[in-house]
Amino acid sequence: QVQLVESGGGLVQPGGSLRLTCAASGSIFSIVDTGWYRQAPGKQRELVASQNSGHGTNYADSVKGRFSISRDNAKNTVYLQMNSLKPEDTAVYYCNVRAYTSPRSWDDYWGQGTQVTVSS
C-alpha cells in the first residue's frame, strides 16, 4: 500500500503564493504519474496539473503560467507551486499518484486533501 500525506494549504490573500507538498510512503517500487486535482464547493473535482512519465506536464487553462508541478523522485514527493493566487482558486486540493508496488502491480492513490482559501 501507498500512503499520501499533503501539506501546505492555508489562507492566502489574492496575489499570494503557496506551495503544496505531497509525500508518498509505503511499498513504493516506482512512481509513474503524478497529479493535483481540486474540488470547490458544489463543483466537480477537476485536474489542475499533471506530470506523466514520457509525456511532460499538463495544466488546466485556468492555472497556466501561475502553477507549476514538480517532483523529487529521491524523496517520493510531489509539489504544486501556486503563484498569483485568485479567489477562484479556493478549493480542496488533492494529490494523485500512480505508483508501482512491484514490477507488475500498480494502482492510483489519493491524498486526504488540503484546503486552499484565497481571500482578502
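Above this text is the structure in question.
Values in this document were obtained by computation on a predicted structure and should not be read as measured data.

Enquirer: Hey, could you run me through the sheet that holds strand β7 (residues 67-72) in this one?
Expert: Read from one edge of the open sheet, four strands run β1-β3-β8-β7, paired in antiparallel fashion. What marks the edges here is a single partner per strand, and that holds for β1 (2-7) and β7. For this sheet, the mean angle separating the axes of adjacent strands, direction not counted, is 15°. Across six bridges, β7 lies against strand β8 (residues 77-82) in antiparallel orientation.

Enquirer: So what exactly am I meant to see when it comes to the state of the cysteines here?
Expert: In a disulfide, the sulfur atoms of two cysteines are held together by a covalent bond. This structure, assessed with the given rule, holds one disulfide. Each sulfur of the disulfide joining Cys22 and Cys95 lies 2.2 Å from the other. On the sign convention where negative means left-handed, the S-S torsion of about -80° between Cys22 and Cys95 marks this disulfide as left-handed. Residue Cys22 is found in strand β3 (residues 18-26), and its partner Cys95 is found in strand β9 (residues 91-102); the two are separated by 73 residues along the sequence. Comparing Cys22 with Cys95, the two get one shared label, buried.

Criteria and cut-off values
- Residues numbered from 1 in each chain as written.
- Predicted model: local features only at pLDDT ≥ 70, side-chain atom pairs only at ≥ 80, totals over all residues.
- Heavy atoms only, no water.
- Pairing = 2+ DSSP bridges.
- Helix = DSSP H or I, 4+ residues; strand = E, 2+ residues; numbered from the N terminus.
- Axes fitted to C-alpha atoms, helices over the stretch in contact; angles between N-to-C directions.
- Disulfide = S-S within 2.5 Å.
- Buried < 20%, exposed > 50% of the residue type's maximum accessible area, 1.4 Å probe, protein only.

Fair warning: the whole summary comes from geometry, so function is off the table for now.
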